[in-house]
Amino acid sequence: MKVNLISDTITLPSPGMLDAMYAAKVGDDVFKEDPSVNALEEKVAKLFGKENALFFPSGTMANQTAIKLHTQPGEQLICDHYSHIFNYEGGGISFNSGVSCNLIEGDRGRINAEQVASKINPPDFYHSPLSTLVCLENTTNKGGGAYYEVSEIEAIRSVCNKHNLGLHLDGARLWNAMIATGQKPEIFGSLFDTISICFSKGLGAPVGSALLGSNEDIEKAIRIRKIFGGGMRQAGFLAEAASYAIDNHWEHLSEDHRKASELKDCLETLNYIQRVEPVDTNIVIFKLIDSIEENDFIKKLDALGIRFISMGQGKLRMVTHRDYSQLQHEYVLDIIKALKF
Ligand SMILES: *Cc1c(COP(=O)(O)O)cnc(C)c1O
């Protein structure tokens, strides 16, 4: 059996999704004439209670566009030291926007209002960069799929209002947070200036993200997307896949969460595991006991058909997703239980 747990991005379109893509009505989206893209943008804007939305080829481009539209070169944004925007977007914050980061060592990738307030440079002290933006990630990627309580985001919003800072959400896995907690999309729409959401992770579309915001912000975003080279022509085939995913794949995330939680419960009982981080959604991060070489362990499981990755610093990661079947799940549980060291 082959099992791939390296990421929730490895899924293939479901048969229903392929049918929806095949039937998509398309046009030239650079002229804003693709009916499926227009419909998707309207649908997600409405879902989150935002004025407008813009379809993007990737989450990275959506985040980078948001950062560019909220900042000017020389300014500084505040985020957790685990953030995807800081660690995994190729240094785009400095390259694209000329902006630096004031990093917070938060709790599994989450930061709180007090920490944010402590990182704001006094605006009249012209020697330090002007703080203009706060970026949160929900759920956290490197933080192991942790989600925010709404009350914490409200407190951060108050700090942003008081100090005139923008607030952006990297919501690549916001779908998972909403399924795990029952939190409604409008609450996020009301608290953040801009939100990026991803269709190609847990939702299982092949490509695509969206940026949500006010009409004014999305008008700026379309120009920035152009500059970044992100205009797509008959993108409606992809937009239909995304729209289908929201309608038909979203709820399935609870299955991914159940399987991740069962992996955690199992790993915790094994004598070759030192520690398993809390599992709130679909990401399982764990550490081996010191006597086992991480690479040997990865190779050993690879030989048994099970793939996952190392995140460095001794952290191993498994991510559950919609193409990880119950049968595969039972196989993985059996294999890891039977391993001897
Ligand atoms: C995957 C991811 C992104 C970016 O997604 P791409 O579509 O791969 O560019 C952004 N933020 C987080 C938290 C992610 O996990």
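What comes next is a walk through the structure. (Residues numbered from 1 in each chain as written. Predicted model: local features only at pLDDT ≥ 70, side-chain atom pairs only at ≥ 80, totals over all residues. Heavy atoms only, no water.)

### Quick notes on the site of the ligand
Part 1 of the argument: Around the ligand lies a shell formed by Ser58, Gly59, Thr60, Asn63, His84, Glu89, Glu137, Asn141, Asp170, Ala172, Arg173 and Lys201.
Part 2 of the argument: Side-chain polar atom of Asp170 to a nitrogen atom of the ligand: 2.6 Å apart, as the coordinates give it.
Part 3 of the argument: Within the side chain of Arg173, one N or O atom sits 3.0 Å away from an oxygen atom of the ligand.
Part 4 of the argument: Across the complex, the protein chains shield 84% of the 380 Å² of accessible surface that the ligand would expose by itself.
Part 5 of the argument: With 3 residues, the top contributor of residues to the shell around the ligand is helix H3 (residues 59–70).
Part 6 of the argument: The residue makeup of the shell around the ligand, split by class, is 1 nonpolar, 6 polar and 5 charged. (Near = heavy atom within 4 Å. Polar contact = N/O pair within 3.5 Å; in protein donor to acceptor, adjacent residues only side chain to side chain. Areas by Shrake-Rupley, 256 points an atom, 1.4 Å probe, with all protein chains shown as cover. Helix = DSSP H or I, 4+ residues; strand = E, 2+ residues; numbered from the N terminus. Nonpolar A, V, L, I, M, F, W, Y, C, P; charged D, E, K, R; others polar.)

### Remarks on unusual backbone geometry
With the exception of glycine, the majority of residues adopt a negative phi angle, and the majority of peptide bonds are in the trans configuration.
Part 1 of the argument: That bond from Asn138 to Thr139 is cis: its omega, -5°, falls within 30 degrees of zero.
Part 2 of the argument: Along the polypeptide, Thr139 turns up in the loop between strand E5 (131–137) and helix H7 (150–163).
Part 3 of the argument: With a phi close to 50°, Arg108 is a non-glycine residue in the positive phi region.
Part 4 of the argument: Mapped onto the secondary structure, Arg108 falls in the loop between strand E4 (100–104) and helix H6 (113–118).
Part 5 of the argument: Phi is positive for Gln313, which is not a glycine, with a value near 50°.
Part 6 of the argument: Checked against the element boundaries, Gln313 lands in the loop between strand E12 (309–310) and strand E13 (316–319).
Part 7 of the argument: What makes Gln313 exposed here is its relative accessible area of 62%. (Buried < 20%, exposed > 50% of the residue type's maximum accessible area, 1.4 Å probe, protein only.)

### Quick notes on helix H8 (residues 174–181)
Part 1 of the argument: Within H8, burial applies to Leu174, Trp175, Asn176, Ala177 and Met178.
Part 2 of the argument: Residues of H8 that are buried in the fold lie against helix H2 (35–47), strand E6 (166–171), helix H9 (185–191), strand E7 (194–198), helix H11 (236–248) and helix H12 (253–268).
Part 3 of the argument: Once H8 ends, the next one or two residues include Gly182, with phi positive near 80°. (Contact = heavy atoms within 4.5 Å.)

### So, the pattern of salt bridges
Part 1 of the argument: Evaluated as defined, the whole model comprises 14 salt bridges.
Part 2 of the argument: A salt bridge links Glu262 to Arg258; the nearest nitrogen and oxygen atoms lie 3.2 Å apart. Placement of the pair is Glu262 and Arg258 together in helix H12, with a separation of 4 residues, close to one helical turn.
Part 3 of the argument: When its relative accessible area of 29% is taken as the criterion, Arg258 is described as partly exposed.
Part 4 of the argument: Residues joined by salt bridges that share partners form a network here, namely Asp29, Lys32, Glu41 and Arg225. (Salt bridge = Lys/Arg side-chain N within 4 Å of Asp/Glu carboxyl O.)

### A look at the packing of aromatic side chains
Part 1 of the argument: Across all of its chains, the model carries 9 aromatic pairs by this definition.
Part 2 of the argument: Ring-pair connections join several aromatic residues into one group, and the members of that group are Phe48, Phe55, Trp175, Phe199 and Trp250.
Part 3 of the argument: Positioned over the ring face of Phe56 is Arg225, at 5.9 Å from the centre of the ring.
Part 4 of the argument: One cation-aromatic arrangement involves Lys300 over Phe341; the distance from NZ or CZ to the ring centre is 4.7 Å. (Phe/Tyr/Trp six-rings, centres within 6.5 Å; stacked < 30°, edge-to-face > 60°. Lys NZ or Arg CZ within 6 Å of the ring centre and 35° of its normal.)

### A closer look at the nonpolar core
Part 1 of the argument: Core analysis: the largest hydrophobic core is formed by 51 residues, its most contacted members being Val134, Leu136, Ile156, Trp175, Ile197 and Phe199.
Part 2 of the argument: It is H11 that contributes the most residues to this core, 6 residues altogether.
Part 3 of the argument: Residues contacting Trp175, with those up to four places away along its chain left out, are Leu47, Phe48, Ile197, Cys198, Phe199, Leu203, Ile246, Trp250 and Leu253. (Core = buried A, V, L, I, M, F, W, Y, C linked by side-chain atoms within 4.5 Å.)

### Points about the sheet that holds strand E9 (residues 273–276)
Part 1 of the argument: Read from one edge of the open sheet, 4 strands run E9-E10-E13-E12, paired in antiparallel fashion. If you trace the sheet from one side to the other, it starts and ends with E9 and E12, each paired once.
Part 2 of the argument: Pairing analysis gives 3 bridges linking E9 to strand E10 (residues 283–288), with the strands arranged antiparallel. The partner of Ile273 across the bridge, within E10, is Leu288. (Pairing = 2+ DSSP bridges.)

Nothing here speaks to function; it is all geometry.
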